[in-house]
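Examining the three-dimensional arrangement
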Amino acid sequence: MRIGILFSLISLSILLAIFINLSDVKIFSPVSLAINLVTPSLIGSIVFFFMQKNLKKTFWFFILFFVFANFIPHFFLFSKDSITGYKGYLTFYHVIAYKMNKINHVTEVFSAISILFAIFIHKFFPYLKNYLQNIKKPFSKVQSFMVFLSIYLSSVIFFFLGWFKYFFEVPLNILVEHIIMPLEGTYLDKAFVLSFTAEVVIRALIFSIIAYFVICVFAKKIVIVGISVFSFLFSLFYLGYNSGIYEILNKVAEPPSNFYEANYKNPQNEKFLFPAKKRNLIVIQVESLENGFLLPEYENFMPGLNSLLKQNALCHSGKICIIEQMNGTEYTKAATVAYTTGLPYLILTKNRNSADFAKHIALGDILNEAGYKNYALYSSDKSFSNMGRYFETHGDFEVFDYYYFRENNYLPHKNYKLHWGFEDSLLYSLAKLKLNQIVEKDAPFLFYMQTMDTHMPFYLAEGKPIKYGSRFKTVLEDMSVRLYNFVLWLEQQEWFENTSLVIYGDHAFMESMQEITGAHGSPLYTFLNLPLEEKLDFRDKKNSHFDIFPTLLHSIGVSWSSSALGLGVSLMSNDSTLLERFGKDSLSKALTQNSILYNSFFQP
């Protein structure tokens, strides 16, 4: 009888998994979450009930399994993420960031584990209960709570550092930005909370319970107190050491540096001269476009992208140019600010508030003052990282984002949402539509757009076959084809003759992706269709994000008193960049030094 029930339950779990694979259930729907998280717990509870025939014990078993055993496979059992090809622990973040049918049949795996767990608890529980009742408790309830709390807080700190490195893959001081910036409109608003709960709060709780039980059984009272106090103090030291807090405090306390005063060229002090016929500027910022894509294994299936990169008007024939990534440019918001202001976006500075360089002149401000109409196109929510606010307050951009397109009925249906908002294929279609509308206004324009398919978790259209044995490579090929076809479309438009085109990566892939990307930590760029005389030949420079800022202006024929602007030097000149003058390490260090001038940019 019991064997029949077990086989029936296993069959049920397999059928549920097949249902997921054949359906179009989305990851955050109640149906999907119930099937993949609650169902295995219910199956295990039913098995436990038939063995115990006790509803109260069954209820507590359900809670125990859902909190404990349901998360173990995410942390330890899966050694390979079948979605990205990234070898490492498959964390709860992955499960909530992708459709469940892509994660190694989690329902039947969980169900099988739940059945084994139920049998184990049924057999082991009586011995455990008897053993715990005979243990001499070394502490009072208050003392026990304090010891446990110390161990738990220590565990939270250690698990938090590991979780943060994986989830954000950036220095810990940038956590401040991710905490204060809006997360609405992306999968991160849910993934952030769920991942932190699962991988830090619950994981630390499980570890603390086990650790407390072990040391209370095998250690003396004085040893237990010593372990708990030492672990807490050491965890605080470990947090400070790994987070860079000590370094940050030292920099805030150190005397101000004059680096910015000596090297910063303030746009407010410049008079910008535009050609009689103003050129349009289109900027395509490609998510994580970096020199890892230049490896032979990627180059073979991305001929379109490589062709565009080799056409770069600012590099010697056939050479693909890179951008060295400095402090304050490591993620999308920071890179966008650096490209358009010539300044790093550093979070922990004195006098920082929610204003984004309120007193600084950016690219959009300069063009807007000259009569340009500025536009920004996003497939996600513009409130993410306050990007919409940044553009709207620095050049009066008209920002088209996911919610704009949804509310104005541009999407297939009202509830349409894929990836961060919608996929790049739709983004390019809408870009063509918007550009056709913009050129009819007969005014020079800046058109900025951000692609997202190559952002984790790497969007691939439903039902599209995996090529080259890798989802990631398939996504890269799609990105290359779409970008190349969009450029071909631009070149066919009559108005494109008077338009400069710039394509660059916002930043390189994060450290955890190096295994599948061969990341070298340098974004790529290309300037196309520039108004250059054939004999002009600028030398190839070592450059950073900051140098793109003045180059964007020069690319549309704007001139001013020199080739420098912000911390950048135009690549359409033969002057030395700061990177060439200081070197990468020295420049990165100088950027983060305490500065009265830099801090003033954040003042309202």
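First things first, this report covers the structure right here in the doc. Owing to the predicted nature of the structure, the values given are computational and were not obtained by experimental measurement. Residue positions are given per chain, counted from 1 along the sequence in the order it is written. Totals for whole chains, interfaces and linings use every residue, but because this is a predicted model, local features are given only for residues with pLDDT of at least 70 and side-chain atom pairs only at 80 or more, for both listing and counting. Working from all heavy atoms in the structure, the side-chain values ignore hydrogens and water.

In this section: the overall build of the chain. Along the chain, the regular secondary structure elements total 25 helices and nine strands. Burial statistics for the chain: of 604 residues in total, 54% are counted as buried. Contacts in the chain between residues far apart in sequence, at least 24 positions, make up 75% of those at least 6 positions apart. Think of it this way: any DSSP run of H or I at least four residues long counts as a helix, any run of E at least two long counts as a strand, and we number them from the N terminus. When a residue's accessible area, from a 1.4 Å probe over protein chains only, is under 20% of the maximum for its type it is buried; when over 50% it is exposed; and in between it is partly exposed. Throughout, a contact is declared for two residues whenever any of their heavy atoms are within 4.5 Å.

Attention now goes to empty space enclosed by the protein. Cavities and pockets were defined on a 1 Å grid built from protein atoms only: a cavity is a group of points that admits a 1.4 Å probe but offers it no way out, a pocket is an open group of points flanked by protein on both sides within 12 Å along at least five of seven lines, and a lining residue is one with an atom within 4 Å of any such point. Grid points are joined across faces, edges and corners, and a volume is the space filled by probe spheres set on the points. Considering all chains together, one arrives at five cavities of 30 Å³ or more under this definition. Taken as a whole, the second largest cavity holds about 90 Å³ of empty space. If you go around the second largest cavity, you meet 13 residues; those closest to its centre are Thr-340, Leu-363, Phe-391, Phe-397 and Leu-446.

Turning our attention to the state of the cysteines. The definition used for a disulfide is geometric: two cysteine sulfur atoms within 2.5 Å. With the rule as written, the count across this model stands at one disulfide. Covalently, Cys-315 is tied to Cys-321 through a disulfide, its sulfur atoms 1.7 Å apart. Judged by the sign of its S-S torsion, about -135°, the cystine formed by Cys-315 and Cys-321 is left-handed. The same class applies to Cys-315 as to Cys-321, namely buried.

Bringing the packing of helix α14 (residues 303-310) against helix α20 (residues 471-491) into the picture now. Only the stretch in contact is used when fitting a helix axis, every axis being a line fitted to C-alpha atoms; angles between N-to-C directions are given from 0 to 180 degrees. In the contact formed by α14 and α20, the axes pass within 7 Å of each other and the chain directions differ by 50°. Overall, the two elements α14 and α20 adopt an arrangement that is oblique. As for how α14 packs across α20, the hand of that crossing is left-handed. Contacts from Gly-304, Leu-305, Ser-307 and Leu-308 in α14 reach Met-479, Ser-480, Leu-483, Tyr-484 and Val-487 in α20. Throughout this description, any angle smaller than 35 degrees is read as roughly parallel, any larger than 145 degrees as roughly antiparallel, any in the 65 to 115 degree range as roughly perpendicular, and the remainder as oblique. Each crossing is labelled by how the near helix is turned from the far one, with a counterclockwise turn of less than a right angle marking it left-handed and a clockwise turn marking it right-handed.

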